[in-house]
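Residue-level structural notes
For reference, the chains in residue letters:
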Amino acid sequence: MPDLTVEVVDVLESSNAVAAERAQEGAPDGLVIVADHQSAGRGRLDRTWETPPGTAVTFSVLLRPDAPTRSWPWLPLLTGYAVDKALKSHGLEAGVKWPNDVLVGEKKVAGILVERLETPTGPAAIVGVGINVGLRADELPVPTATSLEIELGRPVDRTDVLVEVLNAIREAVDAWELGGDLNGMRLRDSYAAACVTVGRDVRVDLPDGSVLEGRAVEIDPTGQLVVEHDGVRTPVAAGDVVHVRTA
Ligand SMILES: Nc1ncnc2c1ncn2[C@@H]1O[C@H](COP(=O)(O)OP(=O)(O)OP(=O)(O)O)[C@@H](O)[C@H]1O
Ligand SMILES: O=C(O)CCCC[C@@H]1SC[C@@H]2NC(=O)N[C@@H]21
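Now for a look at the structure at hand. Predicted model only: the values in this text are computed from it and were never measured. (Residues numbered from 1 in each chain as written. Chains lettered and ligands numbered in written order. Predicted model: local features only at pLDDT ≥ 70, side-chain atom pairs only at ≥ 80, totals over all residues. Heavy atoms only, no water.)

Looking at the side chain of Ser60
Defined as follows: Each helix corresponds to a stretch of at least 4 residues labelled H or I by DSSP, and each strand to a stretch of at least 2 residues labelled E; elements are numbered beginning at the N terminus. Throughout this description, a polar contact denotes any pair of N or O atoms lying within 3.5 Å of each other; where both atoms belong to protein, one of them has to be capable of donating a hydrogen while the other can accept it, and for residues adjacent in sequence the pair is counted only when both atoms sit in side chains. Contacts between residues were defined by any pair of non-hydrogen atoms, one from each residue, lying within 4.5 Å.
Assignment of secondary structure puts Ser60 in strand 5 (residues 56-63). Among the polar contacts listed, one links the side chain of Ser60 to the side chain of Ser15, at a separation of 2.7 Å. Polar side-chain contacts of Ser60 include one of 2.6 Å to the side chain of Asn16. Setting aside chain neighbours within four positions, we find Ser60 in contact with Ser15, Asn16, Ala19, Leu31, Val32, Ile33, Ile126, Val127 and Gly128.

As structure tokens, this is what we get:
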């Protein structure tokens with residue numbers, strides 16, 4: 001992908017929404033909208049994403065990927081990989097819960113929302129990332145969340161985190177678009193190595209209300225999680241999953 005063009009906005013509702021508007025207006029691949037604060041951040045499945053002013057890294061990257069759309073389901077996963085890698089470089093013992101939550105232990109430190117859209121200049125993806133950096137324990141919006149500063153016990157510079165994460169995303173997107181290696185391995189193997197879900201017993205809630213239980217055995221070539229139960233292997237796509245719980 002080309003060099004990133006970064007625009008910083010003081011306050012906006014959702015960086016994903018602003019990046020999507022810009023995509024419709026013809027903005028090019030590599031535009032990054034950084035929000036110093038989001039007043040109405042969006043999460044997966046129409047949930048909200050909340051962080052107090054001055055505590056988070058929140059941004060969205062507009063991509064017009066040079067890769068067939070059938071491989072786009074890799075985008076959330078490779079973004080999770082990149083965020084995890086950048087946070088580990090800060091000394092955090094993080095891991096990726098499939099498909100793309102970045103956790104420390106069982107708690108979520110970063111969330112990712114990838115949205116695809118058609119624009120007059122072709123298909124685009126908006127890769128939105130929210131990282132809990134400076135939230136104190138009493139500022140966490142949900143008990144299942146944590147922040148970098150809580151986990152590391154020291155102040156963390158938000159700009160440093162932003163730059164590291166953007167560089168890691170760029171590296172991962174380039175490897176994906178060009179079919180090259182990442183971290184000395186195939187993208188799929190690098191992702192699987194960072195993914196804490198593989199090898200664990202899982203309960204997967206599906207949109208029809210049914211639950212799939214079994215052992216998560218691998219990530220298949222399309223990025224689906226393969227769940228094995230009584231010798232039967234069932235691949236599940238990230239877009240078809242409501243919840244994944246690890247046992
Ligand atoms: N700053 C934040 N940090 C973490 N979670 C947040 C934050 N703001 C809002 N949330 C929301 O809190 C909710 C609970 O997150 P939780 O990790 O428990 O479940 P989840 O993300 O839906 O994943 P799963 O159900 O698969 O475990 C999510 O909907 C998440 O988007
Ligand atoms: O885990 C989730 O539910 C996904 C959370 C994604 C939050 C980020 S913050 C930047 C970008 N803009 C949004 O409105 N959402 C994403």
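Remarks on the packing of helix 2 (residues 74-88) against helix 5 (residues 187-194)
We count it as follows: The axes are straight lines fitted to the C-alpha atoms, using for helices just the contacting stretch, and the angles between their N-to-C directions are given from 0 to 180°. Convention used here: angles under 35 degrees read as roughly parallel, angles over 145 as roughly antiparallel, angles from 65 to 115 as roughly perpendicular, and any remaining angle as oblique. Two helices crossing with the near one rotated counterclockwise from the far one by less than a right angle form a left-handed crossing, whereas a clockwise rotation gives a right-handed crossing. All amino acids are sorted into three groups, where Ala, Val, Leu, Ile, Met, Phe, Trp, Tyr, Cys and Pro are nonpolar, Asp, Glu, Lys and Arg are charged, and the leftover types, Gly among them, are polar.
Interaxial distance between helix 2 and helix 5 falls to 10 Å at its minimum, and their mutual angle equals 55 degrees. In terms of their interaxial angle, helix 2 and helix 5 are classed as oblique. Viewed along their axes, helix 2 and helix 5 form a crossing whose handedness is left-handed. Together, Trp74, Leu77, Leu78, Tyr81, Asp84 and Lys88 of helix 2 and Leu187, Arg188, Ser190, Tyr191 and Ala194 of helix 5 make up the contact between the two elements. Of the residues that constitute the contact of helix 2 with helix 5, the class distribution is 7 nonpolar, 1 polar and 3 charged.

Digging into the pattern of salt bridges
Applicable threshold: By salt bridge we mean one thing: a side-chain nitrogen of Lys or Arg within 4 Å of a carboxyl oxygen of Asp or Glu. Working definition: with a 1.4 Å probe on protein chains only, accessible area under 20% of the residue-type maximum means buried, over 50% means exposed, and in between means partly exposed.
Overall, the coordinates contain 18 salt bridges when judged by the stated rule. For Asp189, the salt bridge is made with Arg186, and the minimal N-O distance between the two is 3.0 Å. Owing to a relative accessible area of 47%, Arg186 belongs among the partly exposed residues under this scheme. Here Arg233 makes a salt bridge to Glu228, at a shortest N to O gap of 3.2 Å. For Arg233, a relative accessible area of 44% translates into the label partly exposed. What emerges from the salt-bridge pattern is a single network uniting Arg188, Glu218, Glu228 and Arg233.

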